[in-house]
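# Structural description and commentary
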Amino acid sequence: MKVVLQNVTKKFPNRNKNADDVIAVNDFNFEIPDGKLIGLLGPSGCGKSTALNMICGLLPPTSGRILFEDEDVTELPAEKRGVGMVFQNYALYPHLTVEKNIMFPLENLKGKNKLSKADMKARALEAAKLVQIEELMHRKPSELSGGQQQRVAIARALVKMPRVLLLDEPLSNLDARLRLQTREEIKRIQTKTGITTIFVTHDQEEALSISDLIVVMKEGKLQQIGKPQDVYDNPVNLFVAKFLGTPPINVFNGKLSGGSLYIGEEKILDVDQKGNEDGDVYIAIRPEGFDPRENGTFHCDLKCIEIMGRDISVVCSNDNLIGASVRAIIDSDELPAANRSTVAFRIKPSKIFVFNKKTEERIYLDVK
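Below is a short write-up of the structure. Fair warning: this is a prediction, and the values are worked out from it, not measured in the lab.

## Topic: the pattern of salt bridges
Applying the stated criterion across every chain, the model contains 14 salt bridges. Between Glu205 and Arg183 there is a salt bridge, with its nearest N and O atoms 3.5 Å apart. Taken together, the positions of Glu205 in helix H6 (residues 204–210) and Arg183 in helix H5 (residues 176–193) put the pair 22 residues apart, joining distant regions of the chain. Taking the relative accessible area as the measure of exposure, Glu205 reaches 45% and is therefore partly exposed. Measuring nitrogen to oxygen at the nearest pair gives 3.2 Å for the salt bridge that ties Asp291 to Arg293. You can call Arg293 partly exposed: its relative accessible area is 36%.

Here you go:
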C-alpha cells in the first residue's frame, strides 16, 4: 500500500492566546512506496509522531491530503483506514491473556467481516507464530518481559491484516540488547508480510539499521529523504550531517579560499570551487574520516586514546572545533603513540562536508 502525504500541515492552538499557533508539521510532502519500511527520524518535538498520528487518523491535518494508493483518506475515521498501530507503551489490557489481547481487534469486526470464535483463535495463533510468542498465549502481560510485551503489541496490530503498519517509538522502553533483538524481528516480520511500515524513532541507529528509506525531520519540516547510507554519505545540510552518526560528526570553523579548504591556517584539501565564492564555512568531518599520518596536514592536540572493543577513538582538541573534543575512529594498526602531545591526520575526501555559514546548506565541491 503506497502512502502519500500532500502539503500536510498540522497546527495546534498556542496556550498563549496572543501568540501564533504551534506548527507541529509544516507543509509535509513525501511518498512511502508500497511494501517498504520507512524510518521517520528526528529529535524529540520534530513532529514525527504527529505525522504518524495523522496517517493513522487519530489527528486530522489542518491542511493537505493523505492518500492510500489513490484513495483520499484525509477525512476517513481511523477504524476504517485499515491500519495497525503499535504504541510506545504497548497499551496491552492487563486483565486479558496474550491470546485475548491479540484477538481483541477481531472481536470488534461487524457485518460481513465478523469472524467466528474459531477463526479468531486461528488468526491470533497465526499472528503469534509470526512474532514467535505462540507458547505464551495463556499468560497475562504482567507475566511477560518487555520484549515479549512488545511482540504481543505487534501481533495485535498484525492480526487484522492491516494495509499499513505504524510503529511509534516501539523500542524505547527496552534495554540495549532487547532493542537490537526486537528491531531485527521487526525487519524480519515486515519483510515476510510485505506490509508498508512506518517506524518512528529518535534513535538514528535503529532507523539506519532496518529502514529501506529514512525521512529526517526538524521542527516539523522535511529535511531529507533517501536510503540510509545515501543520507549518511551525502547530507544536504548541517543539521542532517550532525544528527546522523555515532560518534557525531566533528564540525569546525573553516574557510574556502583560492581553491582550497582551510581549518585555521592549515590547508586540508584542494578543491574545485564550482563558482562558490571565497569565505568562511563550516567544515564537518566524520569520525572515520581521519587517517593518522606523520606527514598529515591537519594537527590536533592529543587528549587521550580510548580502546573500546573493535573501536579505537583518538580524542583530541583543536581551537577551531565547534564542540568539546575531536573524535577520530581509526584502525588499530594506525594507533598513534599515547605519550605524544599532538597528532597529525590526513583527511579522507569522501568523509568531509562543507556548509554555508549563514544557511547551513551543503556546498558541493569536487576534490582535486
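## Quick word on the layout of surface pockets
Roughly 760 Å³ of volume is contained in the largest pocket. Taken together, 22 residues make up the lining of the largest pocket; nearest its centre are Glu79, Val83, Pro105, Asn108 and Lys160. Mapped onto the lining of the largest pocket, the elements with two or more residues apiece are strand S6 (83–86), helix H2 (98–107) and helix H4 (146–158). A per-element tally of the lining of the largest pocket places S6 first, with three residues. Here the residues of the lining of the largest pocket are counted per class, giving 13 nonpolar, four polar and five charged. Space inside the second largest pocket adds up to approximately 460 Å³. Forming the walls of the second largest pocket are 14 residues, and the residues nearest its centre are Gln204, Leu208, Tyr232, Gly245 and Thr246.

## Digging into the pairing of strand S9 (residues 213–218)
When a strand is regular, its side chains alternate between the sheet's two faces. With five of six residues buried, S9 is to be regarded as a mostly interior element. Across four bridges, strand S3 (residues 37–41) lies against S9 in parallel orientation. Each residue of the ladder has a partner; that of Gly39, found in S9, is Ile214. Bridge count between S9 and strand S10 (residues 221–226): five bridges; the pairing is antiparallel. Bridge assignment links Ile214 to a residue of S10, and that residue is Gly226.

## With respect to the environment of Met137
Structurally, the position occupied by Met137 is in the loop between helix H3 (117–130) and H4. On a C-alpha basis, the gap between Met137 and Val98 in space is 4.8 Å, while along the polypeptide they are 39 residues apart. Setting aside anything within four residues of it in sequence, one finds Met137 in contact with Thr97, Val98, Glu99, Ile102, Ala124, Leu125 and Ala128.

## Digging into the pairing of strand S18 (residues 326–330)
By the criterion of burial, S18 is predominantly enclosed, with four of the five residues buried. Looking at chain direction, strand S17 (residues 311–317) and S18 are connected through five bridges and run antiparallel. Residue pairing for S18: Ile312 is matched across the bridge by Ile330.

## So, the sheet that holds S18
Within the open sheet, the five strands sit side by side as S15-S19-S16-S17-S18. Their pairing is antiparallel. The outermost strands of the open sheet, each flanked by one partner alone, are strand S15 (290–292) and S18. Here the strands of the sheet are splayed against their neighbours by 50° on average, with no regard to which way each runs. One ladder, built from three bridges, connects S15 with strand S19 (residues 342–347); its direction is antiparallel. Looking across to S19, one finds that Phe290 is bridged to Ile347.

## A word on the nonpolar core
By size, the foremost hydrophobic cluster in this structure holds 34 residues, and its most contacted members are Ile102, Ile133, Leu158 and Ile186. Those elements that provide at least two residues to this core are H2, H3, H4, strand S7 (164–168) and H5. For this core, the element with the highest residue contribution is H4, accounting for six residues. Sequence-distant contacts of Leu158, that is, excluding residues within four places in its chain, are made with Leu130, Val131, Leu165, Ile189 and Ile195.

## Focus: H5
In a regular helix each residue adds 1.5 Å, so 18 residues correspond to 26 Å; H5 covers 26 Å between its end C-alpha atoms and thus fits that length. Taken together, the buried positions of H5 are occupied by Thr182, Arg183, Glu185, Ile186, Ile189 and Gln190. Each buried residue of H5 lies within a common arc of 160° when the element is viewed along its axis, so the set occupies one face. More than 90 degrees from the buried face of H5, the exposed residues found are Ala176, Arg177, Thr191 and Lys192. Residues of H5 that are buried sit in contact with S3, H3, H4, S7, strand S8 (196–201) and H6. Gly194 sits one or two positions beyond H5 and adopts a positive phi of about 70°.

## Concerning the sheet that holds strand S12 (residues 260–263)
Strands sit in the order S21-S20-S14-S11-S12-S13-S22 across an open sheet of seven strands; the sheet is antiparallel. Here the strands that pair on one side only, and so sit at the sheet edges, are strand S21 (362–363) and strand S22 (366–367). As defined by bridge partners, strand S13 (residues 266–272) adjoins S22 across two bridges and the pair is classed as antiparallel. Across the sheet, the residue bridging to Asp272 is Asp366, located in S22.

Reading the values: rules and limits
- Residues numbered from 1 in each chain as written.
- Predicted model: local features only at pLDDT ≥ 70, side-chain atom pairs only at ≥ 80, totals over all residues.
- Heavy atoms only, no water.
- Salt bridge = Lys/Arg side-chain N within 4 Å of Asp/Glu carboxyl O.
- Helix = DSSP H or I, 4+ residues; strand = E, 2+ residues; numbered from the N terminus.
- Buried < 20%, exposed > 50% of the residue type's maximum accessible area, 1.4 Å probe, protein only.
- 1 Å grid on protein atoms, 1.4 Å probe; cavity = no way out; pocket = protein on both sides within 12 Å on 5 of 7 lines; lining within 4 Å.
- Points joined across faces, edges and corners; volume = space filled by probe spheres on them.
- Nonpolar A, V, L, I, M, F, W, Y, C, P; charged D, E, K, R; others polar.
- Pairing = 2+ DSSP bridges.
- Contact = heavy atoms within 4.5 Å.
- Axes fitted to C-alpha atoms, helices over the stretch in contact; angles between N-to-C directions.
- Core = buried A, V, L, I, M, F, W, Y, C linked by side-chain atoms within 4.5 Å.
- Expected span 1.5 Å × (residues − 1).
- Arc of directions from axis to C-beta.

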